[in-house]
2 protein chains.
Amino acid sequence: MVADRHAQAEELRRLHHGPHPLVLPNAWDVPSARTFEAAGFPAIATTSAGIATSLGYRDGEEIPRREFVAAIRRIASKLSVPLSADLVAGFGRTPRGVVATVRAAVAAGAVGVNLEDEDPRGSGLLPTRAQEGKIRAVRALGESLGVPIVINARTDALYLGSGTPEERFAEATRRALAYRDAGADCVYPMRLVEKSEIARFVSAVRCPVNVMVRPGIPTLAELEEVGVKRVSFGPAAAYATAGLLRRIGEEVRARGSFETLLTGAITYDELNALAGPAGLTKS
Amino acid sequence: MVADRHAQAEELRRLHHGPHPLVLPNAWDVPSARTFEAAGFPAIATTSAGIATSLGYRDGEEIPRREFVAAIRRIASKLSVPLSADLVAGFGRTPRGVVATVRAAVAAGAVGVNLEDEDPRGSGLLPTRAQEGKIRAVRALGESLGVPIVINARTDALYLGSGTPEERFAEATRRALAYRDAGADCVYPMRLVEKSEIARFVSAVRCPVNVMVRPGIPTLAELEEVGVKRVSFGPAAAYATAGLLRRIGEEVRARGSFETLLTGAITYDELNALAGPAGLTKS
C-alpha cells in the first residue's frame, strides 16, 4: 500500500512538470470522481466546498474532520489514479494538528494535499510563519511515512491581504515564495483570473502555480502559454450540477415536462458501475 | 417533533389526493434535496440508487443500513417540506427487521417510505404474503409512533414476474391490490411507461399509483389525465448530473475549454446556502 502511494505521489508530482498543465477536476463523491477518471484525467482532486455541502455543512472547517476524511476515503478507495485532497487550512491550529489531518488523509488514500492560509476561525490570513511551519511539518510527515506527499499551498492574500491591489499581489507572491521554500510543490493564489496577472505571478514565484477555473479564466492553451502548471476546477463542477438540478426543477414545475431531466443522462447500469470496483470505468 | 412529523405525514398523504399528481423529485444528498425544495416542490423523496452510489455502493442493500439512514438524516434535517425515503426492500428479511429500518428512517426525519418486493438477495420477487406482512407491520409502527407514515408499495412484478406480459401485468395488479389492502397509501409498479398500460393499471387498483419518470413516459398532463397521483424521478436526476459531469470532462479533455463547466452554474454563496439552516432557500 505504501509502495503504491509512493508511486502515486511521484506520479502526481511528475504531472506538475510536464509540457502541458495538469488539469485536475475536483470531485465531492464517488460518482463525480469516477466520472472524471473515466473521462481520462490522470489524477483527481477533491473540493472541500463540494464535500462539505454534499454532507450538509457549509464550506470551511464546520464539518467534523472524521466525516471529511471518510469522504476522502470513499473516493480514494474507488480510484486507480492519484487523489489530491483539499484539506482547507488543515483542521488544526498547530503544525501537530495539521499533521494529524494529513496523516488521516494519506491513510484514507490521498497522495496530495491543499492547505490554505485563510484562518478558518476568522476572515483574515494566518501568519506566514505559522503556515510555513505547517508545510514543513507536512513535508517531514511525508518523509516519515514514505509517501512523498504533493503539497499545494494556497494563499488567499490576493483578496484577504491589506492595502492596494498591488500590495496584495506583492503579499501573495511573498507568501508563495515562503511556502515554496518551506517545501510546497505548487502554489495556489486564489482569485487570480486575468492572464497578464497570472503571467506576472508565475514569473515571480518560479515554481508550479495552480489556477482555479472560474468565469473569465483564459483558455487552457493560454494558461499553458504563460507557464501555469496546474489548473483545478475548485467547486465549479458542484456549482454546475446544482445549476442543472435547478433547471430540471424549474422545467418540471413550470411546464410539467422532463426534457432537462432525461436529456444527456447516463443509465442505471452506468451509475452502478461508477460505484463498482476501481478501474472498471477507466477509459 | 412527533407533532411536526404527524403534520408532515398528513400533508404528504394529502398530496396524493389532490386534483394534480404529486411530483416528487428524488434527491441523494443535501444540495440536491435543497435545490429541489427551492424550486417549489411540496415534498422531496430520496433515491436509494443515488444515495448508495454517491457513497460508493451499488444500488440495493449492499450499503450498511446505518450509512443509508445517516444519509436520510442529513437530508431530512435540512428540509422544511416532508421527506419520503426509498428504503429498497426494507433491509430486513422479516417484518421485524423492516420495522427497525422504518423506525430508524422516521427517527431520521422521513414521514414516507418506499418498500419494494424484489428480493434484495436474489433476482426474484418476495412472496406476496411476506410483503403484505411487512406493510401491515409498518402501518402498525406508524400508529404506535403517532406518525401516520405514508407507505408507497412498489412491485417489480412487471419485469420480474413469470409468464407473458399479460400474466405479469395481472400479477402486478394482484400484488398492488394486496399491498393496498394491507395498508399501503400508494402503489408503484416499476417499469410502467406506456400511457394506455398506465391507464389500465390505475383503473385496476383504484388507489393512488406512482409512476417513475423515464424515457418514453407521457407528459405530466397526460399522466394526470389517466389518473396517476404520484410521479417520481427515481434516480433520473443522478443520471442527469453524471451525464453533465461526463460532458464537462469530455470538453475539457478534448478541447481544453470550460464552457460546459461554467455555463448555468450556481455561485459559491448559493452552494453554501444549500447547506445552511432549513428554510432559507425556500421559494
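For the structure given in this document, a descriptive report is provided here. What you are looking at is a predicted structure, and each value in this text was computed from that prediction instead of being measured. (Residues numbered from 1 in each chain as written. Chains lettered and ligands numbered in written order. Predicted model: local features only at pLDDT ≥ 70, side-chain atom pairs only at ≥ 80, totals over all residues. Heavy atoms only, no water.)

This next bit is on the overall build of chain A. For chain A, the count of helices and strands is 13 helices and nine strands. Over its C-alpha trace chain A gives a radius of gyration of 19 Å, about what one expects of a compact globule, namely 19 Å for 283 residues. When contacts within chain A are restricted to residue pairs at least 6 apart in sequence, those whose partners lie at least 24 apart make up 66%. Carbon and sulfur atoms make up 52% of the accessible area of chain A, which totals about 10,600 Å². (Helix = DSSP H or I, 4+ residues; strand = E, 2+ residues; numbered from the N terminus. Rg over C-alpha atoms; globule rule 2.2 N^0.38 Å. Contact = heavy atoms within 4.5 Å. Areas by Shrake-Rupley, 256 points an atom, 1.4 Å probe, with all protein chains shown as cover.)

The next subject is the sheet that holds strand β2 (residues 26-27) of chain A. All names here are of chain A. Pairing is parallel across the open sheet formed by six strands, whose spatial order is β2-β3-β4-β5-β6-β7. Each edge of the open sheet carries a strand with a single partner, namely β2 and β7 (186-189). Of the pairings in the sheet, the one linking strand β6 (residues 150-155) to β7 comprises four bridges and is parallel in character. In the strand pairing of β7, R154 is matched with Y188. (Pairing = 2+ DSSP bridges.)

Residues and elements named next belong to chain A. An order of β1-β9-β8 is seen for the three strands of this open sheet, with the pairing classed as parallel. Strands at the two margins of the open sheet, each flanked by one partner only, are β1 (22-24) and β8 (210-212). Each strand of the sheet is rotated relative to its neighbour by a mean of 20°, with strand direction disregarded. Pairing of β1 with strand β9 (residues 230-232), which is carried by three bridges, proceeds in the parallel orientation. Note on β9: the bridge partner recorded for L24 is S232. (Axes fitted to C-alpha atoms, helices over the stretch in contact; angles between N-to-C directions.)

Quick look at the relation of the copies chain A and chain B now. For the pair chain A and chain B, the superposition axis carries a translation of 0.0 Å, the fit reaches an RMSD of 0.0 Å, and the rotation angle comes to 180°. Taken together, the turn and the small shift mark the pair as related by a two-fold rotation axis. Residue A:T241, judged by its C-alpha, is the member of chain A lying nearest the rotation axis, at 2.8 Å. Residue by residue, 100% of the interface of chain A is reproduced at the interface of chain B, so both copies engage with the same surface. (Least-squares fit on C-alpha atoms with pLDDT ≥ 70 in both.)

Next up on the list: the pattern of salt bridges. The full count for this structure, using the stated rule, is 37 salt bridges over all chains. A:R255 is paired through a salt bridge with A:E251; the nearest N and O atoms lie 4.0 Å apart. Of this pair, A:R255 and A:E251 both sit in helix α11 (residues 236-255), four residues apart, which is roughly one turn of the helix. A residue is classified by how much of its surface remains accessible, and A:E251, at 5% relative accessible area, is buried. A salt bridge links B:R58 to B:E62; the nearest nitrogen and oxygen atoms lie 3.5 Å apart. You can call B:E62 partly exposed: its relative accessible area is 41%. (Salt bridge = Lys/Arg side-chain N within 4 Å of Asp/Glu carboxyl O. Buried < 20%, exposed > 50% of the residue type's maximum accessible area, 1.4 Å probe, protein only.)

This brings us to the interface of chain A and chain B. By convention, interface size is frequently given as the accessible area that disappears when the constituent parts associate. Facing the 64 residues of chain A at the interface are 64 residues of chain B. Of the roughly 5,400 Å² buried where chain A meets chain B, counting both sides, 72% is carbon and sulfur surface. Area buried by chain A at its contact with chain B is led by A:Y239, A:L245 and A:F258, which between them contribute 12% of it. Inspection of the chain A/chain B interface yields two salt bridges. (Buried area = accessible area lost by both parts, 1.4 Å probe.)

All names here are of chain B. Most of strand β5 (residues 112-116) sits out of view: five of its five residues are buried. Where burial is concerned, the two faces of β5 agree: the one with G112, N114 and E116 and the one with V113 and L115 are both buried. Inspection of the sheet shows strand β4 (residues 83-86) paired to β5 by three bridges, in the parallel sense. The partner of D86 across the bridge, within β5, is N114. Viewed along the sheet, the connection from β4 through helix α5 (residues 95-107) into β5 turns out right-handed. Where β5 lies against strand β6 (residues 150-155), five bridges are found, and the strand directions are parallel. Looking at the pairing, G112 lines up with V150 of β6. With helix α6 (residues 128-145) bridging β5 and its parallel neighbour β6, the resulting β-α-β unit is right-handed. (Right-handed = clockwise from strand over helix to strand, strands pointing away.)

Moving on: the packing of aromatic side chains. The final tally for this structure, using the stated rule, is 10 aromatic pairs over all chains. Between A:F36 and A:F233, the ring centres sit 5.7 Å apart and the planes meet at 90°, which makes this aromatic pair edge-to-face. Linking A:F36 in helix α2 (residues 30-38) with A:F233 in the loop between β9 and α11, this pair joins segments that are 197 residues apart in sequence. The residues A:F36 and A:F233 share a single accessibility class, namely buried. Judged by centre distance (5.0 Å) and plane angle (40°), the rings of A:F68 and A:F91 are tilted. With a gap of 23 residues between them, A:F68 in helix α4 (residues 65-76) and A:F91 in the loop between β4 (83-86) and α5 (95-107) connect regions that are remote in the sequence. For A:F68, a relative accessible area of 0% gives the class buried. Overall, the relative accessible area of 13% leaves A:F91 in the buried class. Feature note: the residues A:F36, A:F41 and A:F233 constitute an aromatic cluster, connected by ring pairs. Above the face of the A:Y159 ring, A:R191 is positioned so that its terminal group lies 3.7 Å from the ring centre. In this arrangement the basic side chain of B:R253 is found over the ring face of A:F41, its NZ or CZ atom lying 5.6 Å from the centre. (Phe/Tyr/Trp six-rings, centres within 6.5 Å; stacked < 30°, edge-to-face > 60°. Lys NZ or Arg CZ within 6 Å of the ring centre and 35° of its normal.)

We now examine the packing of α4(A) against α5(A). Helices that pack against each other are described as a pair by the angle of their axes relative to one another and the distance between those axes. All names here are of chain A. Where α4 meets α5, the axes come as close as 9 Å, and the angle between the chain directions of the two elements is 30°. Compared by their axis directions, α4 and α5 come out roughly parallel. For the pair α4 and α5, the sense of crossing is right-handed. Contacts between α4 and α5 involve R65, V69 and I72 from the first element and G97, A100, T101, A104 and A105 from the second. Classifying every residue of the contact of α4 with α5 gives five nonpolar, two polar and one charged. (Parallel < 35°, antiparallel > 145°, perpendicular 65-115°, else oblique. Left-handed = near helix turned anticlockwise from the far one by under 90°. Nonpolar A, V, L, I, M, F, W, Y, C, P; charged D, E, K, R; others polar.)

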